[in-house]
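The primary structure of each chain is shown beneath.
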Amino acid sequence: MTAVILKPGAMTLADWRAVYEGAAVKLDPSCLDKVAAGAAVIARIVDKGDPVYGINTGFGKLASVRIPAGDVETLQRNLILSHCCGIGAPLPPEIVRLIMALKLGSLGRGASGVRPATVKLIEAMLTNDLLPVIPEKGSVGASGDLAPLAHMTAAMLGVGDVLTSGTRMPAETALRKAGLEPIVLAAKEGLALINGTQVSTALALAGLFRAHRAAQSALITGALSTDAAMGSSAPFHADIHELRGHRGQIDTAAALRALLKGSEIRDSHLEGDERVQDPYCIRCQPQVDGACLDLLRMAARTLETEANAVTDNPLVLADGSVVSGGNFHAEPVAFAADQIAIAVCEIGAIAQRRIALLVDPALSFGLPAFLAKKPGLNSGLMIAEVTSAALMSENKQMSHPASVDSTPTSANQEDHVSMACHGARRLLQMTANLAGIIGIEAITAAQGVDFRAPLKTGTELLKAHAAIRAVVPDLEVDRYMADDLAAGAELVMSGTLNASIAAGVLPDLPTA
């Protein structure tokens, strides 16, 4: 994979996706002059001795406490150690890499007052695959992701552990083995490193990428279910959706039409079918999945902006002044995470109803009960549908907005917080559940289409069907099903199902 050149303030969503998927990161060196200029402003303030928050004062409720110039380095180290209060399982390595790259981009804009050496150490740790062990819980999403970012920064000091090539070891040992020295933080550097929304943003971006991949897969399985149920493609007519005007709906309908193009199954019942309308889970796919696509695209724009932002405090402004603000408040990220959660929930909900339709002989237009070849002797996909219902219900419970649940912290100094971090972190579990639902629909729809033989589904869907059958054989008789369900979910999570479809058929996120 080609290395991503990290240009602070000018990264695209595709760039961040590449970092998340494992691309190497190289910082654009042209940003280092701005970084050095910002650090020089902080150094002058220290020399002059005027009180400026976070440089020569305490933090939060302790901002009124003056710190002598000789204690500034100790102040920054104490800040990091005291804020290492994370709890829970370590964040996944791909998330930690994205956190570090986001922090590198933010500091690289030169408004945070850190030295070039500090920025270069983060880059060197990424290059050498030294990923700090960061507990998943402890941030309320303001004043920045303090606890998790403190664990990231502690590793730069040689404190705590890192993961390198899958092996956990003390950070100081790992740094020295890579030829790197633990850093001694200068004025404001500790605060710049732990203020900011990078953990919340990394988790939300990961949730977005996973949700979008599953949303694309849901169009494939939804189209396959439509054919399996001998549903009508008339509700996907372009004019219907142009009359309403929502872009996601228009794009989703176009994808469904392209997927079903050339289907012998569809053509076989264009005439003589006495059904007037299909259930909503078939007929209203463009309206539901399209609205979800619009939500994901809206969240994508928010997160792309946030990923390029400077979100620590105080900031070194263009005129050389240092001003306290509130860019560390992660409300935009919290809202984006809530939007993604709602979309994930609804994509899974309508997909689950299609699964339920296909296994129900009262609804499935001639398919056998539970898609079993000998119902009664065999239970077929009966409990696979139940599992999809369990996953759907779990996602419904997790889709409640996190952003509305503020609570005061830090002796009421930080009296309104975003809850963005865990609001974004839940997306990892929710998207895993969604992949499970869509994987089950893939299995169910493929089984249903097989019952329509010798009629064949559409040209694109035949390729999707082959991808499914490559890992989940036709269900002739009952068998141990857990492995099949895991394989179906992996088809979605890995992108293999989507890759079976021609480029340009499935709707994408914003490209600019």
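Preceding block: the structure.
Presented here is an overview of the structure given in this document. (Residues numbered from 1 in each chain as written. Predicted model: local features only at pLDDT ≥ 70, side-chain atom pairs only at ≥ 80, totals over all residues. Heavy atoms only, no water.)

1. Looking at the environment of Glu123
And then number 1: Locating Glu123 in the fold gives a position in helix H5 (residues 116–127).
And then number 2: In this structure the C-alpha to C-alpha distance between Glu123 and Leu27, which are 96 residues apart in sequence, comes to 6.9 Å.
And then number 3: Residues in contact with Glu123, not counting those within four places in the same chain, are Val25, Lys26, Leu27 and Leu104.
And then number 4: At a separation of 2.9 Å, a polar atom in the side chain of Glu123 contacts the main-chain amide nitrogen of Leu27. (Helix = DSSP H or I, 4+ residues; strand = E, 2+ residues; numbered from the N terminus. Contact = heavy atoms within 4.5 Å. Polar contact = N/O pair within 3.5 Å; in protein donor to acceptor, adjacent residues only side chain to side chain.)

2. Focus: the pattern of salt bridges
And then number 1: Evaluated as defined, the whole model comprises 18 salt bridges.
And then number 2: Of the charged contacts, one joins Arg425 and Glu136 as a salt bridge, the two residues approaching to 3.9 Å between their closest N and O atoms. Of this pair, Arg425 sits in helix H17 (residues 420–450) while Glu136 sits in strand S5 (residues 135–137), and the two are 289 residues apart along the sequence.
And then number 3: For Arg425, a relative accessible area of 18% corresponds to the buried category.
And then number 4: Residue Glu136 is classed as partly exposed on the basis of its relative accessible area of 22%.
And then number 5: Between Lys373 and Glu476 there is a salt bridge, and its shortest N-O distance comes to 3.0 Å. With Lys373 in the loop between helix H15 (331–359) and helix H16 (382–398) and Glu476 in the loop between helix H18 (459–469) and helix H19 (482–493), this pair connects stretches of sequence that are 103 residues apart. (Salt bridge = Lys/Arg side-chain N within 4 Å of Asp/Glu carboxyl O. Buried < 20%, exposed > 50% of the residue type's maximum accessible area, 1.4 Å probe, protein only.)

3. Looking at the packing of H17 against H18
Each pair of packed helices gets described by two things: the angle between the helix axes and the distance between those axes.
And then number 1: Contact geometry for H17 and H18: axes closest at 10 Å, N-to-C directions at 115°. Relative to H18, the element H17 is oriented roughly perpendicular. The way H17 lies across H18 gives a crossing that is left-handed. Side by side, H17 and H18 meet where Ala442, Ala446, Gln447, Val449 and Asp450 of the first sit next to His465, Ile468 and Arg469 of the second.
And then number 2: For the contact of H17 with H18, the class distribution of residues is four nonpolar, two polar and two charged. (Axes fitted to C-alpha atoms, helices over the stretch in contact; angles between N-to-C directions. Parallel < 35°, antiparallel > 145°, perpendicular 65-115°, else oblique. Left-handed = near helix turned anticlockwise from the far one by under 90°. Nonpolar A, V, L, I, M, F, W, Y, C, P; charged D, E, K, R; others polar.)

4. Details of the environment of Ala300
And then number 1: Checked against the element boundaries, Ala300 lands in helix H14 (residues 285–307).
And then number 2: Residue Ala300 is classed as buried on the basis of its relative accessible area, which comes to 2%.
And then number 3: Between the alpha carbons of Ala300 and Ala337 there is a distance of 10.0 Å; along the sequence they are 37 residues apart.
And then number 4: In contact with Ala300, other than residues within four places in its own chain, are Leu13, Leu208, Leu509 and Pro510.

5. A short note on the environment of Val35
And then number 1: By the element assignment, Val35 lies in helix H2 (residues 32–48).
And then number 2: Given a relative accessible area of 1%, Val35 falls into the buried group.
And then number 3: On a C-alpha basis, the gap between Val35 and Val114 in space is 6.6 Å, while along the polypeptide they are 79 residues apart.

6. Details of the packing of aromatic side chains
And then number 1: As enumerated under the stated definition, the model contains one aromatic pair in all.
And then number 2: Arranged with centres 5.9 Å apart and planes meeting at 40°, the rings of Tyr20 and Phe209 form a pair that is tilted. A residue pair is termed long-range when its members are at least 10 positions apart, and Tyr20 in helix H1 (residues 13–20) and Phe209 in helix H9 (residues 198–228) qualify at 189 residues.
And then number 3: The exposure class of Phe209 is buried, given its relative accessible area of 3%. (Phe/Tyr/Trp six-rings, centres within 6.5 Å; stacked < 30°, edge-to-face > 60°.)

All we've got here are geometric facts, nothing functional implied.
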